[in-house]
Amino acid sequence: MIENLPPCPKCSCEYTYEMNALAVCPECGHEWVPAEGGAQGGDATGERVVRDSVGNVLQDGDSVVVVKALKVKGSPSGIKAGTKVRNIRLVDGVDGHDIDCKIDGFGAMQLKSSVVKKG
């Protein structure tokens, strides 16, 4: 058991606790391995790894499917679940929006990887 657990890398909460081999934040629910230094995802080379809602690794040029309906500002209808998005590009976006894409009928926009699955 680790005595001094690091604060949560997502929300900086100091009240983290240990559950098996993971450190868990009670405020935002983020789980990570403390030995990794709080890195959200990465492989041995230190590159950032983006995963979809079911855990598949995403890469530039992949096709994805939206898994839940999304509201779009300025549009009377949103993006429906099941909408296929082709040729995505991974970016370091704002507020967790890490996919840059073009959706038919909506144009260019950014999506979160947590609302898509590899298709």
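Residues numbered from 1 in each chain as written. Predicted model: local features only at pLDDT ≥ 70, side-chain atom pairs only at ≥ 80, totals over all residues. Heavy atoms only, no water.

**Student:** It is not clear to me how the pattern of salt bridges should be interpreted in this structure. Could you clarify?
**Tutor:** Any two side chains of opposite charge can pair, on the condition that their charged atoms come close. Scanning all chains against the criterion turns up 2 salt bridges. Between Asp 62 and Lys 118 there is a salt bridge, with its nearest N and O atoms 3.5 Å apart. Taken together, the residues span a long stretch of sequence, with Asp 62 in the loop between strand E5 (57–58) and strand E6 (64–66) and Lys 118 in strand E11 (residues 116–118) at a distance of 56 residues. Judged by its relative accessible area of 37%, Lys 118 falls in the partly exposed class. Note that Arg 89 and Asp 100 form a salt bridge whose closest N and O atoms lie 2.4 Å from each other. Taken together, the residues Arg 89 in strand E8 (residues 89–90) and Asp 100 in strand E9 (residues 97–103) connect sequence positions 11 residues apart. Relative accessible area serves as the criterion here: at 46%, Arg 89 is assigned to the partly exposed category. (Salt bridge = Lys/Arg side-chain N within 4 Å of Asp/Glu carboxyl O. Helix = DSSP H or I, 4+ residues; strand = E, 2+ residues; numbered from the N terminus. Buried < 20%, exposed > 50% of the residue type's maximum accessible area, 1.4 Å probe, protein only.)

**Student:** What should I look at first to understand the nonpolar core in this one?
**Tutor:** Burial of nonpolar side chains together is a common tendency in soluble globular proteins. Counting 16 residues, the largest nonpolar core has Cys 101, Leu 111 and Val 116 as the members making the most contacts within it. With near-sequence residues (within four places) excluded, Leu 111 lies in contact with Leu 70, Gly 96, His 97, Asp 98, Ile 99, Cys 101, Ile 103 and Val 116. One finds Leu 5, Cys 8, Ala 23 and Trp 32 within the second-largest nonpolar core, a separate group that totals 6 residues. (Core = buried A, V, L, I, M, F, W, Y, C linked by side-chain atoms within 4.5 Å. Contact = heavy atoms within 4.5 Å.)

**Student:** Just to check I follow, could you spell out the pairing of E9 for this structure?
**Tutor:** One face of the sheet, then the other: side chains in a regular strand alternate in exactly this way. Relative to E9, E8 runs antiparallel, the two sharing 2 bridges. Bridge pairing in E9 links Arg 89 to Asp 100. Between E9 and strand E10 (residues 107–112), which follow one another and run antiparallel, lie 3 residues, and Gly 105 among them has a positive phi close to 90 degrees. (Pairing = 2+ DSSP bridges.)

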